[in-house]
Amino acid sequence: MDWAFDDSCVVTTDEDGDIKLYKATDCSPMGEQMRTGEQTACAKIGKKSLVYAVGTESGSIVIWDLATQEQVGDPLTGHTGAVHAVAFNHDDTMLASVGEDGSARLWDVKAMKEVTDPEDPLMAYRHSEKKPTQPNPPTGLASELEGKVKEGAHVPMTLCTCSFTTDGKFLTFGGDDKRVRSIIVETRDFVRSPDVQVEIPPEEPEEPLELEEGEEPPPPPEPVFESRPGEPYFIMGHSDSIQCTAFCPVAGNDQSGYTLATSSLDATIRLWHVSYE
């Protein structure tokens, strides 16, 4: 159930994908019932308009215009498995979605297309992040996976919730590994620690170097370093799956960050002061 931004109506969606509108003044039905035609997992109304996004168990997202009570375009596709949460940014130009497949995706609402890389989405892995195209398990994950999965395989976690900051600059999301992650919307990447310089091991010669008697070996090559992204930042404190996140709609007096609320299956609600500077 959701309340329209202009108090004009209340909208409900049941698990069978049936959408109903009610007048806020007397709770009487408005118009005809709308049908998504799929099992529904989540839904959210826009913050500045009557746009409405419905996430389904099959992984698609259906966009509706509640003012006309008509579906907008074709369903958005990309997730594999249920879409567990959707969220609009501050001006309804961007939609975020997270789901069972462990991916966080961003969509341009007007163009009705994904703006994150459909072939290489941002994935949340247990205890660390790394994209599927990278060959090795994330740092700190190898020991946990040892003996459980094939070498190089990653274990995505289920994501349950996502929320934009009040200015739409950042997206946070959480799920089964008890941690909150954040994405910089402009760069489509995780909020990370500074880049790190990693020394690249020199190539071993195909054949051992043969030296004449008394000949000095050549000096070792100069070290070569490669810049790599830093580790993603986490917000940690819950002891069970994070089910809900929400930013305070009122900015702090000192403009130093955001206030985030999180709830979890550990039966706690926590408030966080979050600064991305």
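Residues numbered from 1 in each chain as written. Predicted model: local features only at pLDDT ≥ 70, side-chain atom pairs only at ≥ 80, totals over all residues. Heavy atoms only, no water.

Along its length, the chain carries one helix and 23 strands. Counting over 277 residues, the chain shows a buried share of 39%. The long-range fraction of contacts in the chain, counting pairs at least 24 apart against all pairs at least 6 apart in sequence, stands at 47%. (Helix = DSSP H or I, 4+ residues; strand = E, 2+ residues; numbered from the N terminus. Buried < 20%, exposed > 50% of the residue type's maximum accessible area, 1.4 Å probe, protein only. Contact = heavy atoms within 4.5 Å.)

Only a minority of non-glycine residues have a phi that is not negative, and only a minority of peptide bonds are not trans. Positioned with a positive phi, Cys 27 is a non-glycine residue whose angle comes to about 65°. Among the secondary structure elements, Cys 27 is positioned in the loop between β3 (18-23) and β4 (29-35). On the basis of relative accessible area, Cys 27 is assigned to the exposed category, the value being 57%.

On to the packing of aromatic side chains. Inspection of the entire model under this criterion finds five aromatic pairs. Judged by centre distance (6.2 Å) and plane angle (70°), the ring pair of Phe 170 and Tyr 258 falls under edge-to-face. Taken together, the residues span a long stretch of sequence, with Phe 170 in strand β15 (residues 170-175) and Tyr 258 in strand β22 (residues 258-264) at a distance of 88 residues. In this pair, the class of Phe 170 matches that of Tyr 258, namely buried. Ring centres of Phe 170 and Tyr 276 lie 4.0 Å apart, and the angle between their planes is 25°; on these two criteria the pair is classed as stacked. Of the two residues, Phe 170 is situated in strand β15 and Tyr 276 in the segment after β23 (269-274); the sequence distance between them amounts to 106 residues. There is no split in this pair, since Phe 170 and Tyr 276 are both buried. Each member of the aromatic cluster is reached from another via a ring pair, and the members are Phe 170, Phe 247, Tyr 258 and Tyr 276. (Phe/Tyr/Trp six-rings, centres within 6.5 Å; stacked < 30°, edge-to-face > 60°.)

On to the pairing of strand β11 (residues 103-108). Regular strands place their side chains on alternate faces of the sheet. Of all six residues that make up β11, five are buried, and the element is covered over most of its length. The pairing of strand β10 (residues 94-99) with β11 spans five bridges and is antiparallel. By the bridge assignment, Ser 97 is partnered in β11 with Arg 105. Counting the residues in the hairpin turn of β10 and β11 gives three residues, including Gly 102, whose phi is positive at 80°. (Pairing = 2+ DSSP bridges.)

This brings us to the sheet that holds strand β7 (residues 61-65). The four strands lie next to each other as β5-β6-β7-β8, forming an open sheet whose pairing is antiparallel. The open sheet terminates on both sides in strands that have one partner only, identified here as β5 (40-45) and β8 (70-71). Two elements, β5 and strand β6 (residues 51-56), share five bridges in a ladder whose sense is antiparallel. Across the sheet, the residue bridging to Ile 45 is Tyr 52, located in β6.

A few words on the side chain of Thr 245. One can find Thr 245 in strand β21 (residues 242-247). For Thr 245, the residues in contact, after removing those within four places along its chain, are Thr 161, Cys 162, Ser 163, Thr 172, Leu 260, Ala 261 and Thr 262.

Read from one edge of the open sheet, four strands run β1-β2-β3-β4, paired in antiparallel fashion. Edge strands, defined here as strands with exactly one partner in the open sheet, are β1 (2-3) and β4. Here strand β2 (residues 9-13) runs beside β3; their pairing, made up of five bridges, is antiparallel. From the neighbouring strand, Val 10 faces β3, where its bridge partner is Tyr 22.

Across all of its chains, the model carries five salt bridges by this definition. A salt bridge links Asp 177 to Arg 181, with the shortest nitrogen-to-oxygen separation between them at 2.9 Å. Here Asp 177 and Arg 181 have matching classes, each one buried. When the shortest N-O distance is used, the salt bridge between Glu 226 and Arg 228 registers 2.7 Å. In this structure Glu 226 comes out as partly exposed when scored by relative accessible area, which is 37%. (Salt bridge = Lys/Arg side-chain N within 4 Å of Asp/Glu carboxyl O.)

Most of β15 is tucked away, with six of its six residues classed as buried. Judged by which residues are buried, β15 turns out to be covered on both faces: Phe 170, Thr 172 and Gly 174 on one side and Leu 171, Phe 173 and Gly 175 on the other are all buried. Here strand β14 (residues 159-164) pairs with β15 via five bridges, running antiparallel. Across the sheet, residue Ser 163 finds its bridge partner in β15, namely Thr 172. Hairpin geometry of β14 and β15 is characterised by an intervening segment of five residues between the two adjacent antiparallel strands and by a positive phi of about 75° at Gly 168. The pairing of β15 with strand β16 (residues 179-184) spans five bridges and is antiparallel. From the neighbouring strand, Leu 171 faces β16, where its bridge partner is Ile 183.

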